[in-house]
Amino acid sequence: IQKPQLLFPVMATPNGTLVHPAYFLLVGIPGLGPNVHFWLAFPLCFMYGLATLGNLAIVLIIRMERQLHEPMYLFLAMLSTTDLVLSSVTMPKMTSLFLTGIQEIEFNVCLAQMFLIHALSAMESAVLLAMAFDRFVAICHPLRHASVLTRPTVAKIGLAALIRGFVFFFPLPFILKRLSYCQTHTVTHSYCLHQDIMKLSCTDTTVNVVYGLFIILSVMGVDSLFIGLSYILILRAVVDMSSWGAALKALNTCISHLCAVLVFYVPLIGLSVVHRLGGPTSLLHVIMANIYLLLPPVVNPIVYGAKTKKIRSRVLRIFSLDGR
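Residues numbered from 1 in each chain as written. Predicted model: local features only at pLDDT ≥ 70, side-chain atom pairs only at ≥ 80, totals over all residues. Heavy atoms only, no water.

As recorded by an unreviewed UniProt entry, the protein chain carries the name Olfactory receptor and is attributed to Rhinolophus ferrumequinum. Listed under Function (unreviewed entry) in UniProt, the entry text for the protein chain is "Putative odorant or sperm cell receptor." Listed in UniProt under the heading Sequence similarities (unreviewed entry), the comment for the protein chain reads: "Belongs to the G-protein coupled receptor 1 family." (UniProt positions renumbered as here; feature names shortened; annotations may be inferred.)

A.B. asks: What should I look at first to understand the packing of aromatic side chains in this one?
C.D. replies: Two descriptors summarise a pair of aromatic rings, namely the distance from one centre to the other and the angle between the planes of the rings. All told, the structure shown has 15 aromatic pairs when counted by the stated rule. Both rings, one in Phe115 and one in Phe166, keep their centres 5.9 Å apart while their planes meet at 85°; by these two values the pair is edge-to-face. Of the two residues, Phe115 sits in helix H3 (residues 107-140) while Phe166 sits in helix H5 (residues 151-169), which places them 51 residues apart along the sequence. Residue Phe115 is classed as buried on the basis of its relative accessible area, which comes to 14%. Consider the rings of Phe264 and Tyr292, whose centres lie 6.2 Å apart with planes at 55°: the pair is tilted. Taken together, the residues Phe264 in helix H10 (residues 255-277) and Tyr292 in helix H11 (residues 283-307) connect sequence positions 28 residues apart. For the pair formed by Phe264 and Tyr292, the shared burial category is buried. Grouped by ring-pair contacts, the aromatic residues Phe115, Phe166, Phe170 and Phe174 constitute a single cluster. (Phe/Tyr/Trp six-rings, centres within 6.5 Å; stacked < 30°, edge-to-face > 60°. Helix = DSSP H or I, 4+ residues; strand = E, 2+ residues; numbered from the N terminus. Buried < 20%, exposed > 50% of the residue type's maximum accessible area, 1.4 Å probe, protein only.)

A.B. asks: Would you mind going over H5 with me for this structure?
C.D. replies: One turn of the α-helix equals 3.6 residues, which is why residues spaced by three or four share an orientation. For H5, spanning 19 residues, the distance from its first C-alpha to its last is 28 Å, which sits close to the expected 27 Å at 1.5 Å a residue. Buried within H5 we find Val154, Gly158, Ala161, Arg164, Gly165 and Phe169. Taken end-on, H5 shows its buried residues confined to a sector of 125°, consistent with a single buried face. Those residues of H5 that are exposed and aimed more than 90 degrees away from the buried face are Pro152 and Lys156. For H5, the elements touching its buried residues are helix H2 (71-100), H3, helix H6 (172-177) and helix H8 (206-239). (Expected span 1.5 Å × (residues − 1). Arc of directions from axis to C-beta. Contact = heavy atoms within 4.5 Å.)

Structure representation (structure tokens):
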């Protein structure tokens, strides 16, 4: 089968003719041969299955159990839904790349995947902030929790997270389309990211750099700042509690959320730093990028399933009924 033409002119502009590739080439893990990539596809399939089943189970359990229709669990359902979609956007294509070795991804498909990855990551960041706010109100102002975080308020927060993720990252595909790509067309990861595609351009990328930095600071940066502030206030409230038992019980309700925050933000910050520093893409870049996208959808349902008593008891009840 003949491959499509690699580069083709799109439109004439005052600065010249825009040239876009018909496709980009994705890479797996640098330094590993096709045979190793082939065998890595199987644990990746297992991770995708685990992420899908785990997040779907949490969403369905919270949906069916009326006693779980509380702010903490409703936010958890939002987090699991976001993880479910995010893993479906990335893992199947990565598995196909590792199994078949087919690296091509169409130009517009790559831009669509890039938009979904960034928008869904912003939504997940917003949900983690909402969960931090829920813990802050529950621990620092327990008597006001029911009146502050009502179901309509929770729904509005979820809608705001969705709209913000869409609005902030919707311009990215269009500002990438205004660039010409006349050099290499190999994306340095197993999926499409704004920073990677931008670096393939042979025209001025100042707009992309400035806007990319603006949204990463105003979205993930602001969210992480307020999450940190929430936990500072929570720690102050816990220290002032009269008994160690009450303090430990309050902190125990935050462990799952803290794990989710660390799993999401640590690889994200590391990936942003190595991209901003520039230089050739290393094995560390690729591993950090894969951890950033693959780990949260797998780890979050395990942590919340193990640490959240109501969800854990519901899962155990389902398995005990199946065993009879």
